Amino acid sequence: MLFSFMDLEPRRKAEDALRQSEERFAKAFQMTPVPTLVCSADALRVMEVNEAFVTTTGLASEELLGKSLDETGLFEDRAAHTRIQDALRDSGVLRSTELRIHRKQGELLDCLLSAESLTLHGQPCHLMALLDITDRKRSEMELVGAIETVMQDASWFSQTLIEKLANVRRGNAPGAEAVALADLTARERDALGLMCEGLSDKEIATRLGLATNTVRNHVASLYSKIDVHSRAEAIVWARERGYFGSGSSSQKSG
């Protein structure tokens with residue numbers, strides 16, 4: 001009789017470490033005050049939501065689990081599901097993408113969505129977190145509306161006013177690290193320049209020969225880097241630095 005033996009201790013330790021890691025993740029997931037959910041990588045089907053997500057949206061977990069994000073009707077813009085899925089398929093990560101979601105009570109919330117790919121219980125997934133910026137957007141509404149009105153005829157938009165608006169924004173974010181034009185990628189600078197010329201995302205995509213979703217990703221990355229949340233604020237940021245578009249004679253390196 002031939003006997004063979006295998007030491008299973010290393011495998012047992014690895015399995016224990018994996019189980020403990022997943023238990024720590026589950027506890028942190030449920031305890032975090034940030035609305036968070038886990039979706040399958042293939043169809044963005046909801047696998048788990050935390051208490052903060054239920055509280056923020058007013059939707060019970062039973063109304064979400066097993067459904068794709070599109071089927072939940074969570075997004076105001078139904079095309080957002082496709083944009084998010086495409087971006088995660090391409091890069092596996094999403095940072096501070098602005099969108100609006102429905103609460104069960106009918107209210108709309110302005111949010112920033114961030115996502116990261118991971119493997120959970122051997123299954124490819126996406127971890128998604130929402131940051132509710134509704135109150136901040138509401139407080140900015142009057143200023144942003146005034147800026148957008150002014151931008152319809154920017155010829156008299158004086159440098160003094162630009163500086164005052166910049167000071168207001170800096171005052172709301174003390175200690176924020178300064179970002180220069182040189183810190184942006186070439187595509188982000190291209191998009192910003194064309195935004196200053198009044199072009200929409202679709203028109204920018206046509207001008208640069210890119211997909212509209214790709215332009216939106218560049219714009220989202222740009223917003224995140226320069227800490228703005230609207231087109232008008234991005235244009236003001238550019239004008240503060242003398243950047244008026246790719247064809248401007250007053251363009252500076254920042």
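Everything numeric in this text was worked out from a predicted model, so none of it was measured. (Residues numbered from 1 in each chain as written. Predicted model: local features only at pLDDT ≥ 70, side-chain atom pairs only at ≥ 80, totals over all residues. Heavy atoms only, no water.)

Overview of the layout of surface pockets
- Considered as a void within the structure, the largest pocket measures approximately 610 Å³ in volume.
- Looking at the lining of the largest pocket, the elements with two or more residues in it are helix 4 (80–91), strand 3 (93–102) and helix 9 (212–226).
- Counting residues per element, the lining of the largest pocket draws most heavily on helix 9, at 6 residues.
- What the second largest pocket holds in volume is close to 330 Å³.
- Taken together, 17 residues form the lining of the second largest pocket, with Ala 87, Ser 91, Val 93, Leu 94 and Asn 217 sitting closest to its centre.
- Broken down by secondary-structure element, the contributors of at least two residues to the lining of the second largest pocket are helix 4, strand 3 and helix 9.
- Counting residues per element, the lining of the second largest pocket draws most heavily on helix 9, at 8 residues.
- Considering only residue class, the lining of the second largest pocket consists of 4 nonpolar, 8 polar and 5 charged. (1 Å grid on protein atoms, 1.4 Å probe; cavity = no way out; pocket = protein on both sides within 12 Å on 5 of 7 lines; lining within 4 Å. Points joined across faces, edges and corners; volume = space filled by probe spheres on them. Helix = DSSP H or I, 4+ residues; strand = E, 2+ residues; numbered from the N terminus. Nonpolar A, V, L, I, M, F, W, Y, C, P; charged D, E, K, R; others polar.)

Some thoughts on empty space enclosed by the protein
- Applying the stated criterion to the full structure yields 1 cavity of 30 Å³ or more.
- Roughly 40 Å³ of internal volume is contained in the largest cavity.
- What lines the largest cavity is Leu 37, Phe 53, Leu 69, Leu 74, Phe 75, Ile 101, Leu 113, Met 128 and Leu 130.
- Residues belonging to the lining of the largest cavity are distributed by class as follows: 9 nonpolar, no polar and no charged.

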